[in-house]
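# A look at the structure
What follows is the residue order along each chain.
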Amino acid sequence: MSVWVTWPALTKLGTLGIFAGLLTLAAEREALLKNNLFDLENFDGYNAQINCDARSLTARTEDGTCNILSNPAEGSALKRFGRNINPAYTQGETTTLLTPNPRDVSISLLARDEFKPATSVNFIAASWIQFMTHDWFHHGANAVDDPITFPRPANDPKGSGTMSVQRTQPDPTRTGADAGKPRTYRNHTTHWWDGSQLYGSDKATSDKVRSFVDGKLKVNADGTLPKELISGKPVTGFNENWWVGLSMLHQLFTLEHNAIATKLKQKYPEKNDQWLYDRARLINSALMAKIHTVEWTPAIIANPITERAMYSNWWGLLGQGGPRDDFQADVRKLQEDLAKSDSFVKRILGFDPNVAGSIGNGSINHALTGIVGSTAPNNAGVPFSLTEEFVSVYRMHPLMRDNINVYNVGSNQVSRSIPIQNTRDGDAENILNAERADRLWYSFGITHPGSLTLNNFPNFLRDLSIPLVGNVDLAATDVLRDRERGVPRYNEFRRQIGLKPITKFEDLTKDATTLAQLKRLYNNDIEKIDALVGQLAETVRPEGFAFGETAFQIFIVSASRRLMADRFFTKDYTAEVYTPEGIDWVEHTTMVDVLRRHNPQLHSSLVGVDNAFKPWGLNIPADYESWPAANKQANLWVNGALRTQIPADQLPALKKTDALGLLGSILWNKVKTRSDVAEAGYKKPIHAHGVMAKVKFVPTGNNAYTGLFKGSDYGLLRLSVTEDPKGKDFMPGLAWKAFVDGKPSENVSALYTLSGQGSNHNFFANEMSQYVLPEADNMGSSIIFSAVTLKPTLLLMNDFAKVTQTGAAVSKPVAPTQVYFVPRSEVRSRFSTAAHDFRQDLLTLTEGTKLYDVYATSMEIKTSILPSIAKRYATERRNSAVKIGEMELTSPFIASEFGDSGVFFKHQRNEDK
Ligand code: HEM
């Protein structure tokens, strides 16, 4: 039997299966709350000195005291970490502390051989979690005296000798009364989820970050944070382990605090600085907690069961309004099922949650009522603290990349690659200012963190220079810390938190090299595997999980408890305490909103992005069609074309029809087939290569036609050639997509003739039309065209006449029968007729260039099997055509993978009229 948890398989059973999984997790959490919370602190002595004043009733205090009024020291700064594991099993290691050699573990099992990305999330997710951990915990500066010293292993590329790691700062509050307790350590930040990384965990720090004007935090005129004189790091609540990702987040949420304060000041002009600051802090902290719960976590553990578990943590499945509504129908289904005697859910769970006292009863109530907004804080009978095991599972250093690749907003071309060690400490603010926040956010949004696996620990962190300490191997340190602090080794850890222990190394991985290293280092003894190593080695993971089930077990209990125990997320998460505007701000703001508010330049890049922590790119959400024309154009242009731009010197060869690489899975995963975007993997069977630009159609005076013929400001124009099967004729073509507010776009394609224009490679040598004469002798082309419904050779533009660009239906549409795109004099003879790559010509055309005069006729399209007569009809029609407008570029042309294989121009065929 597998040692791994089985609930993930329940997702295969549909909605009820998912809910059964959710109930299983809820039951698991109940068990963990009952069996896996251990408090090591003595609060009484502290409480005697704490006076909870009137302010503290409705505000978070600087040091986290007075959250729990009956035990005011609970959760405050400089209180001990608790435990999730029975203290009997958490005595710090002594005799085994150095076995196996932590540096050997670092070299053999942790060192990154090649960067292994976690492709389901973006790099913002990595900096975010470090940002969160800095709110939650810090063990304080390490002890200078008596470091742990050990020999370098024989395989150390740095040679022989010894190395040392400083010990964790000991707990100075231990007294004889603590005898028998495991080693204790103090959390130097507040244990609460209270934004202490921004606001500090003591009054002096808080005073430094506040401006004392209108409740705001200190920000320079240009939106940057004030810097510390010597270190160059920003003045903020917590600034250790600093790098540019943290600079970005601290700046962003400092600005968010000030935006909240501004809103409050408008609404409550009579309130003083302290009142405004306290409210803004409450609101900003709750916003960060909500973003973490319903956005970051579902991105990093993207599984339908855990996604719902997280939503229920914040919203409660029986809540009302907004995103809660999405769950109502599902919950009703579950309730109906549970009421049945042959309940499907009960059967698969193997227990009856409706029977009083059964394991599931309380869990179900809990899952169904949610936590936030519940009536009283609930610490499950154990004073709230974060735990050593919680700290341990968040040692997620493999998330770090080696380099930050900086891109211009919208582009896929790396403009600068910066090794992350060059973005640390004082350099962070300089880089943020030089590269600009919007470009860095975009760059983080489209790149991936490392995956949480073995041999993926960034090497710069394995040789990390720390001021006043020297160079540190953080991988070896991480391994040692667990041993030092008494976090049990992997298998015991699993046993103690209700998971099955592994029975053989092969349970973890099938990889022969890794197995050999594991067995060598741990002397063939599975009980010796370090907690961190075992977690990174877990290859069986619940679907969608960026980490394994061992870490997840700690999350189940901690994620809920951080909310459940806190007065400001339960009893006092109310409009009275937060203000109505505050509750509204928390409930209706997402990370995307925060990014947009402070980086307007990211507007287009964030169009369609529903979770800021998942890779940004082209998203075509379900409501795409209802968007304004301008947004649809921006989305396809910025997130489609610009994002996959092909540099002018790397254009794919024209001759090959199948040379296109598919767009990366990043882009394709979420692209749903809609009329503007082709199905993933689509390749244009003809016109495979071209260039695309944004375009507008400017109508002349009062042309006779209706709908989009009266003007289209938001379009895409793609110019391409058909690969001539005979390999000699130049066959240009055009495709125009006109976006419509709230409705599908209209599309038309045009050619010169089916057989092209011979050896003339000037793209603008001839006019093009949506109707071309059939050519009996051009069998090759006809066969190809039939594949894309260009046969018959007539496309209609009737639908263009039926709708205006604002989406209004035209009551009496008037459409031309034939339209001609006539190259204007400024482009007609601008380019060479000799054989060359036409795309290079088009790439030189700039925004504002007028390409075509558009002519149209209403004369009936008559055909004849006699080519000479058909030709005469065509000439008559052309002669009757009048100019109805101009096509003008609203961007330069670019080549892109999206333009070549992503964008889809629907043809309105004769049969579709
Ligand atoms: C450039 C990026 C980073 C640097 C320079 C860095 C540096 C450090 C250092 C120096 C320590 C203390 C080691 C010790 O115990 O002596 C540490 C601890 C830790 N780091 Fe990082 N880190 C980085 C990124 C991250 C990220 C992305 C995470 C993700 C969650 C993370 C989570 C942690 C945790 C949980 C600890 C333990 C804290 C404690 O013991 O209180 N770090 N890091």
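Criteria and thresholds
Residues numbered from 1 in each chain as written. Predicted model: local features only at pLDDT ≥ 70, side-chain atom pairs only at ≥ 80, totals over all residues. Heavy atoms only, no water. Helix = DSSP H or I, 4+ residues; strand = E, 2+ residues; numbered from the N terminus. Contact = heavy atoms within 4.5 Å. Areas by Shrake-Rupley, 256 points an atom, 1.4 Å probe, with all protein chains shown as cover. Near = heavy atom within 4 Å. Polar contact = N/O pair within 3.5 Å; in protein donor to acceptor, adjacent residues only side chain to side chain. Buried < 20%, exposed > 50% of the residue type's maximum accessible area, 1.4 Å probe, protein only. Pairing = 2+ DSSP bridges. Core = buried A, V, L, I, M, F, W, Y, C linked by side-chain atoms within 4.5 Å. Axes fitted to C-alpha atoms, helices over the stretch in contact; angles between N-to-C directions. Parallel < 35°, antiparallel > 145°, perpendicular 65-115°, else oblique. Left-handed = near helix turned anticlockwise from the far one by under 90°. Nonpolar A, V, L, I, M, F, W, Y, C, P; charged D, E, K, R; others polar. Expected span 1.5 Å × (residues − 1). pLDDT = per-residue confidence, 0-100.

### Here's the deal with the overall build of the protein chain
Each helix and strand counted, the protein chain has 32 helices and 16 strands in total. When contacts within the protein chain are restricted to residue pairs at least 6 apart in sequence, those whose partners lie at least 24 apart make up 76%. Here the protein chain has roughly 34500 Å² of accessible surface; of this, 53% comes from carbon and sulfur atoms.

### A word on the site of the ligand
The environment of the ligand is made up of 25 residues, and the closest members are His139, Asn142, His397, Arg481 and Arg485. Within the contact set of the ligand, an oxygen atom lies 2.6 Å away from a side-chain nitrogen or oxygen of Arg481. In the environment of the ligand, an oxygen atom lies 2.8 Å from a nitrogen or oxygen atom belonging to the side chain of Arg485. At the level of elements, helix H5 (123–136), strand S7 (464–466) and helix H17 (474–485) are the ones that each hand at least two residues to the shell around the ligand.

### Focus on the side chain of His191
Along the chain, the position of His191 falls in the loop between strand S4 (186–187) and helix H6 (196–199). Since its relative accessible area comes to 0%, His191 is described here as buried. Of the polar contacts made by the side chain of His191, one reaches the backbone oxygen of Lys79; its length is 3.0 Å. From its side chain, His191 meets the backbone nitrogen of Leu386 in a polar contact 2.9 Å long. Not counting chain neighbours up to four residues away, the residues in contact with His191 comprise Gly75, Ser76, Lys79, Arg80, Phe81, Trp136, Phe384, Ser385 and Leu386.

### Concerning the pairing of strand S3 (residues 162–165)
Every second residue of S3 is oriented toward a common face, the buried set being Met163 and Val165 and the non-buried set Thr162 and Ser164. With four bridges connecting them, strand S2 (residues 148–151) and S3 associate as antiparallel partners. By the bridge assignment for S3, Thr149 is matched with Ser164.

### Some words on the side chain of Arg60
Here Arg60 is to be found in the loop between helix H3 (54–58) and strand S1 (79–80). Judged by its relative accessible area of 5%, Arg60 falls in the buried class. Separated by 3.1 Å, the side chains of Arg60 and Asp566 make a polar contact. Discounting residues that sit within four places of it in the chain, Arg60 has contacts with Arg55, Asn67, Trp192, Trp193, Asp194, Arg281, Leu282, Ser285, Asp566, Phe568, Phe569 and Tyr578.

### Considerations on the nonpolar core
By size, the foremost hydrophobic cluster in this structure holds 158 residues, and its most contacted members are Trp128, Phe253, Trp441, Phe547, Tyr578, Met591 and Trp616. Here this core gets 15 residues from one element, more than from any other, and that element is helix H9 (residues 273–300). In this structure, Phe253 is in contact with Trp128, Phe131, Leu198, Asn284, Leu287, Met288, Ile291, Met591 and Val594, ignoring residues within four places of it in sequence. The next biggest cluster of nonpolar side chains, apart from the first, holds 42 residues, and it includes Leu719, Leu734, Phe763 and Tyr852.

### Comments concerning the packing of helix H4 (residues 102–110) against helix H19 (residues 512–521)
Running from N to C, H4 and H19 point in directions that differ by 165°, and their axes come no closer than 10 Å. Taken together, the axes of H4 and H19 lie roughly antiparallel to each other. The two elements H4 and H19 cross, and the hand of that crossing is left-handed. Each of Asp104, Val105, Ser108 and Leu109 in H4 lies in contact with H19, whose residues at this interface are Thr514, Gln517, Leu518, Arg520 and Leu521. Here the residues of the contact of H4 with H19 sort into four nonpolar, three polar and two charged.

### Some words on helix H8 (residues 244–267)
End to end, H8 covers 35 Å across 24 residues, agreeing with the expected 34 Å (1.5 Å per residue, within 8%). Burial runs high along H8: 18 of the 24 residues are buried.

### Some words on the confidence of the model for the protein chain
Looking at the protein chain as a whole, the pLDDT averages 87, with 88% of positions reaching at least 70. A low-confidence stretch, residues 656–674 (pLDDT under 50), is modelled with 49 contacts involving residues beyond four sequence positions or located in other chains. Throughout residues 777–792 the model reports pLDDT below 50, and contacts reaching past four residues in sequence, or to other chains, amount to 27 contacts.

### Considering the environment of Leu198
With respect to the secondary-structure elements, Leu198 resides in helix H6. Those residues within four positions of Leu198 in sequence are excluded, and the remaining contacts are Phe131, Val209, Thr236, Gly237, His250, Phe253, Thr254, Asn284 and Met288.

### Structural notes on helix H23 (residues 580–587)
Counting buried residues along H23, six of its eight residues qualify, which places the element largely inside the surrounding structure. Residues of H23 that are buried: Glu581, Gly582, Ile583, Trp585, Val586 and Glu587.

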